[in-house]
Amino acid sequence: MLSRDEFIRISLETNLFFQRIMKEHMFFIETSLQPVEAANIAEADVLKRSFEQLMAETIPYANGVVSKGTVESNEFVTPYTLRAENVTSKLTGASINTSITKAEEQLVGNGNISNPAWLKKAVKDINARSLNMLGEVIEFKKKLITLSLECKIFITAYDELLEHITREALYYRDILRSLQRGERPKRTLCDELNFWNNIMGEHAQFIDGLLDPTERELKETAEAFNIRFEALVKECIETPDKLIIEKSKEATGEIMGYKKSATEGLLGCTIKSIIPPLLGDHVLREANHYLRILKMLPR
Ligand SMILES: [Fe+2]
Ligand SMILES: [Fe+2]
């Protein structure tokens, strides 16, 4: 069983990372659908705003309560997030609540304080509402996958990307359900590593597929990353040895650097692609999050 302080801290850290991820998934869907899909665009927009509302409520609880390590990992916001939001919102016309980002930039980590009982109740309520919203998000994503596979909608997001973001939502839901039972999520080490190594490999595939064909070098690097992460997934069957953790850490550190310079290149308009800058920053944050998980694993 988790102690009260652990429950509060882990819940807030999980929500701060994933609420943003979820609302950005809705932003990406909203801006990838065609004007004829007005109803689905509106649905994505409503879900995005609902998660933004939850984030705005979560941040004040999290301030001074989440650990220093999570704040410093740049998984909540990176130095590029605000700029990427401003540029991407301007280029697409879709709204982004940037006051949330500004508040997160000021977030202070502590994680060692003892929290009052009322905070546990408030956090439990945030978890419950996030779970409700997540249910809607998962259903919406699954509906889009079906529509896309049946060629009933034209969406400029790969089917694999829609499945990828659905898996991320299901992973988040698993964590929240465990936390609400007062437990840490139960996953084998290989399940955890394979989930994220798969995610990292797919990011490389998406970047490869969304770069302009003339961006040869960047595409080749992306392809090599995909091969590397796929091999790591194959290697980790049941009991991972320490080498797989080390290799995962090395590969993730490198793809993090690649995503960082890609985000800089997208913001600086020096890379030809159909990647919105916010997507660059989004996958960078996911790498930062995974890197923190890897650093916490026993060595
Ligand atoms: Fe994502
Ligand atoms: Fe992802």
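Bear in mind the structure is a predicted one, so any value in this text is a computation, not a measurement. (Residues numbered from 1 in each chain as written. Chains lettered and ligands numbered in written order. Predicted model: local features only at pLDDT ≥ 70, side-chain atom pairs only at ≥ 80, totals over all residues.)

K.L.:
Account for the overall build of the protein, with residues named and values stated.
P.N.:
Regarding its fold elements, the protein presents 11 helices and zero strands. Reading the protein from its N terminus to its C terminus gives the helix and strand order α-α-α-α-α-α-α-α-α-α-α. Taking 299 residues into account, the globule formula puts the C-alpha radius of gyration at 19 Å, and the protein, at 19 Å, falls close to it. Its C-alpha atoms give the protein principal-axis dimensions of about 55 × 45 × 35 Å. Considering the protein as a whole, with its 299 residues, one finds that 41% of them fall into the buried category. (Helix = DSSP H or I, 4+ residues; strand = E, 2+ residues; numbered from the N terminus. Rg over C-alpha atoms; globule rule 2.2 N^0.38 Å. Buried ≥ 20, exposed ≤ 12 C-beta atoms within 10 Å, placed from the backbone.)

K.L.:
Describe the environment of Ala62, and please don't skip the residues or the numbers.
P.N.:
Residue position: Ala62 is located in helix H2 (residues 38–62). By C-beta crowding, Ala62 is classed as buried, having 26 other C-beta atoms within 10 Å. Remark: the alpha-carbon pair of Ala62 and Ile100, spanning 38 residues in sequence, is separated by 13 Å. Those residues within four positions of Ala62 in sequence are excluded, and the remaining contacts are Leu12, Leu16 and Leu107. (Contact = placed C-beta atoms within 7 Å.)

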